[in-house]
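Descriptive analysis of the structure
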Amino acid sequence: MKIRCRDCGHSETMNKELILTFLGGAAAGFGFWAWVSFLFAGTGFAMPLCIAIVVGGPALVAKYGDEIVEWLANKGYTCKKCNGNKWMPISEEADIELNRYKTEEAVLKNTLSEKELEIKEFLSEQNNLFSIEDLEHYFNELEQKDNTIENLLKDKEKWEVLKQSYTQTQEQVNQSFKRRFNVCYPSLIFNKRALKGIGRLNETALLKFEQKLGQLQHRSDQLVYRDKIQGTDIIEMDFNQSGRFYIQKEGASFHIVCVGDKKTQLDDLKFIKNFY
Ligand SMILES: [Zn+2]
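So, here's what we can say about the structure. All of these numbers come straight from a predicted model, not from anything done at the bench. (Residues numbered from 1 in each chain as written. Predicted model: local features only at pLDDT ≥ 70, side-chain atom pairs only at ≥ 80, totals over all residues. Heavy atoms only, no water.)

Counting secondary structure elements, the chain contains eleven helices and seven strands. Relative to its 276 residues, the chain shows a buried fraction of 47%. Approximately 14700 Å² of the chain is accessible, and the part contributed by carbon and sulfur atoms is 52%. (Helix = DSSP H or I, 4+ residues; strand = E, 2+ residues; numbered from the N terminus. Buried < 20%, exposed > 50% of the residue type's maximum accessible area, 1.4 Å probe, protein only. Areas by Shrake-Rupley, 256 points an atom, 1.4 Å probe, with all protein chains shown as cover.)

The next thing to look at is the coordination of the zinc ion. Surrounding the zinc ion are the protein donor atoms C5 (SG), C8 (SG), C79 (SG) and C82 (SG), which sit 2.3 to 2.4 Å from the metal. Its four donor atoms give the zinc ion angles of 103 to 114° at the centre, a pattern that matches the tetrahedral case. Its relative accessible area of 24% is what places C82 among the partly exposed residues. (Donors = N, O, S within 2.8 Å, 3.2 Å for Na, K, Ca; no water. Tetrahedral: all angles 85-135°; square planar, octahedral: opposite > 155°, others 65-115°.)

Our focus in this paragraph is the side chain of E236. Checked against the element boundaries, E236 lands in strand β5 (residues 235-239). Under the relative-accessibility criterion, E236 is labelled buried at 11%.

Scanning the model with the defined rule gives ten aromatic pairs in all. With 4.9 Å between their ring centres and 40° between their planes, F181 and F190 make a pair best called tilted. Plain terms: the ring middles of F271 and F275 are 5.2 Å apart, the flat faces sit at 40° to each other, and that makes the pair tilted. Taken together, the residues F271 and F275, both in helix α11 (residues 265-275) and four residues apart, mark about one turn of the helix. In this structure F275 comes out as exposed when scored by relative accessible area, which is 56%. Through a chain of ring-to-ring contacts, three or more aromatic side chains come together here, namely F177, F181, Y185 and F190. R193 extends its terminal NZ or CZ atom over the ring of F271, reaching a point 4.4 Å from the ring centre. (Phe/Tyr/Trp six-rings, centres within 6.5 Å; stacked < 30°, edge-to-face > 60°. Lys NZ or Arg CZ within 6 Å of the ring centre and 35° of its normal.)

Right, here's the structure in full:
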């Protein structure tokens, strides 16, 4: 079995070594099994649990996983990467799967930024009056018809090809994030625009953003919320200093409606006021 940090996604194998390192020299002089029985005495954990920890297997993780992570958290076991102490049990298989999603995300994101560069180059060849701000705006509005920028293009044929290839890759990026987030943050719901914003975060920003997602998923009652955006029930949250994202509470779930930064803030607010 593995344990996965709910805040940053770092995972560790829950085995004999982890328990021994974690609890230090307490085990000296005992055989491992004798020691484990002693350690868990009085906690209601039985031998099958100890076997579950070391041997693992999806069925055992499902059966004992929560108890084990609760025990770890109570003992103050913290994450090496982010110092968090909220863990979730996860099978080896699921962990491999999640890591595979992450790799796939990274590859797709690279492809997407290459395509974005291509588009920027193309647009600046077509009309050198487009400013960088125009382009940023344009990428957010790409799917809307009758875009002013689009109407100014000379080479419409090449444009269609570039645009299609870009939006296809964008969709793949979205799906890839969605799959992983559904596993890691089951009570959060992401719309298309939010996924798009997430796909454009760099590695550091994504990590900081996911820490906020972890908080929303697991201890939303401890978060400090700002005022709602005027005329809506959307709340603005920040991450990684200039990062901004917007949420809407619905029952026990949160909708993540938009993810951006200070640069996209005007566009983002306009979107929210139009659609929420
Ligand atoms: Zn962590």
